[in-house]
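Summary of structural features
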Amino acid sequence: MTQAVGKSDMRVRRIDDHTSIVEVRGEITAASEKPLMDAYAEASGAKTRAVILDFDGLEYMNSGGIGLLVTLLVRANRQKQRLAAFGLNEHYRQIFELTRLDEAIGIFDDEASALAGAKA
Amino acid sequence: MEERTEGATAATAAPRRDTGHWAKPVARLAAVERGGALNANVAGRRINAAAGGFGRLFQKTFSVQVGSSVTPQELISIWKTRFGEFWPKGQRMFLPASGIAPGEVGLINASIPGTPTMATGVLVIYADDESFSFMSPEGHPFAGPLTFSAHVDEFGFTVAQVQELTRASDPLWELAMMLPILGERMQNDLWRQTLRNLALSFGADANVHERIVCVDKRRQWKNAKNIFYNAGIRSGLGAPLRLFRRR
């Protein structure tokens with residue numbers, strides 16, 4: 001299913017009962033709150049242990065977007081779920097490093113390694 | 001936590017329109033000189049994220065209408081260059097003359113009732129035409145991003161907004177936040193008064209609206225050790241030494 005508002009577009013893929021991927025397309029700003037949280041709700045089932053964010057289609061992120069990811073991380077932790085990410089280019093990896101999100105969200109190079117990491 | 005798989009291909013690097021708006025990552029804050037500032041608890045400190053803080057996580061949003069004679073871009077431009085002027089009496093921010101820009105460090109000298117001046121700072125992590133954001137170093141009362149922005153509301157008025165997503169950084173700051181007068185005065189009043197001053201500078205005498213939500217009630221005891229860097233304690237311990245040096 002697709003959650004699209006403005007310039008944000010989120011798609012959810014259920015890999016299995018324990019793992020889901022949220023494909024993030026376009027922008028993450030404060031205006032992306034509803035599509036991102038709706039996508040997380042769709043990705044998150046009773047048995048979900050890991051939610052993986054696919055940032056391959058991320059085109060723009062401002063500081064409001066970082067705030068959203070912090071909020072998402074809190075929600076995932078509350079559900080005892082791991083939050084992981086892949087598809088970040090060097091620029092966005094640096095932003096995760098700057099804001100120290102990389103210490104709380106597992107960063108992987110691609111989907112295969114993120115899925116392997118989620119099951120480890 | 002960073003996990004990378006050997007041999008995997010990283011996403012391709014392409015120029016992004018947000019590239020110039022973000023600061024580059026820094027392992028530790030560099031020493032800066034700002035004339036007249038009590039400069040301590042900044043150089044060599046790491047930036048502290050909300051996940052690295054101790055107390056309950058709050059999302060606090062303060063906003064004020066400043067009228068329709070100024071655009072969000074004009075407002076942010078003025079706010080970035082005259083940031084410290086809008087702070088209430090007793091609280092001082094020392095920024096470079098050019099104002100707020102990604103990667104710049106601001107020094108804070110804060111007055112807390114009954115204590116010596118507390119010295120800490122911020123790193124400007126993001127700045128564009130309609131917003132800018134800070135993160136604070138170890139020892140600062142709060143851990144997490146702080147964003148200043150402007151937009152036009154449904155009535156056509158330009159609105160200035162401050163939004164925090166922060167935890168108290170250590171148990172002592174958490175305790176201070178729980179004390180009604182001290183906690184309010186240390187942070188919430190700061191932004192209420194700042195927005196009032198900002199609006200008044202544009203001739204608007206408007207009420208500040210606020211929304212405070214506790215996003216996470218849990219305290220992160222693993223980060224209780226942050227108290228080692230507490231800027232209030234360190235500023236207090238350093239005060240006699242500074243007096244001795246002056247003599």
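The structure contained in this document is the topic of the report that follows. (Residues numbered from 1 in each chain as written. Chains lettered and ligands numbered in written order. Predicted model: local features only at pLDDT ≥ 70, side-chain atom pairs only at ≥ 80, totals over all residues.)

The next subject is the overall build of chain B. Counting its regular elements, chain B contains 4 helices and 10 strands. The order of α-helices and β-strands along chain B, N terminus first, is β-β-α-β-β-β-β-β-β-β-α-α-β-α. Rg of the C-alpha trace for chain B: 19 Å, near the compact-globule value of 18 Å for 247 residues, within the 12% margin. Seen through its C-alpha atoms, chain B measures out along the principal axes to roughly 55 × 50 × 40 Å. Across the 247 residues that make up chain B, the buried fraction comes to 38%. Restricting to contacts in chain B with at least 6 residues of sequence separation, those with at least 24 account for 68%. (Helix = DSSP H or I, 4+ residues; strand = E, 2+ residues; numbered from the N terminus. Rg over C-alpha atoms; globule rule 2.2 N^0.38 Å. Buried ≥ 20, exposed ≤ 12 C-beta atoms within 10 Å, placed from the backbone. Contact = placed C-beta atoms within 7 Å.)

Turning next to helix 3 (residues 180-201) of chain B. All names here are of chain B. For helix 3, which comprises 22 residues, the first-to-last C-alpha distance of 29 Å matches the rise-based estimate of 32 Å (1.5 Å per residue) to within 8%. Of all the bends in helix 3, the greatest, near 45°, is centred on Asn188. Within the sequence span of helix 3, burial applies to Met186, Gln187, Trp191, Thr194, Leu195, Leu198 and Ala199. On the buried face of helix 3, the contacting elements are strand 2 (57-67), helix 1 (72-81), strand 9 (158-168) and helix 2 (171-178). Positive phi shows up at Gly203, right after helix 3, with a value of about 80°. (Expected span 1.5 Å × (residues − 1). Bend = angle between axes of the 7 residues up to and from the residue.)

Each side of the interface is counted separately: chain A has 35 residues, and chain B has 39 residues. Looking at the side of chain A that touches chain B, the element that brings in the most residues is helix 2 (residues 63-78) of chain A, giving 8 residues. In the side of chain A that touches chain B, the residues fall into 13 nonpolar, 13 polar and 9 charged. (Nonpolar A, V, L, I, M, F, W, Y, C, P; charged D, E, K, R; others polar.)

Turning our eyes to something else, we now look at the packing of helix 2 of chain B against helix 3 of chain B. Residues and elements named next belong to chain B. Interaxial distance between helix 2 and helix 3 falls to 5 Å at its minimum, and their mutual angle equals 105°. It follows from the interaxial angle that helix 2 and helix 3 lie roughly perpendicular. Between helix 2, through Ala176, Met177 and Met178, and helix 3, the contact on the second element is made entirely by Leu182, Gly183 and Met186. Classifying every residue of the contact of helix 2 with helix 3 gives 5 nonpolar, 1 polar and no charged. (Axes fitted to C-alpha atoms, helices over the stretch in contact; angles between N-to-C directions. Parallel < 35°, antiparallel > 145°, perpendicular 65-115°, else oblique.)

Take the environment of B:Leu182 next. Residues and elements named next belong to chain B. In this fold, Leu182 is placed in helix 3. Given 16 C-beta atoms within a 10 Å radius, Leu182 is considered partly exposed. The spatial distance from the C-alpha of Leu182 to the C-alpha of Gly106 is 23 Å, given a sequence separation of 76 residues.

This part covers the packing of helix 1 (residues 33-43) of chain A against helix 2 of chain A. A pair of packed helices can be characterised by two numbers: the angle between their axes and the separation between those axes. Residue and element names in this part refer to chain A. As a packed pair, helix 1 and helix 2 sit with axes 11 Å apart at the nearest point and diverge in direction by 25°. In this view, helix 1 runs roughly parallel relative to helix 2, as classed from their interaxial angle. Considering the relative orientation of helix 1 and helix 2, their crossing is right-handed. Contacts between helix 1 and helix 2 involve Glu33, Leu36 and Tyr40 on the former and, on the latter, Leu68, Leu72 and Arg75. (Left-handed = near helix turned anticlockwise from the far one by under 90°.)

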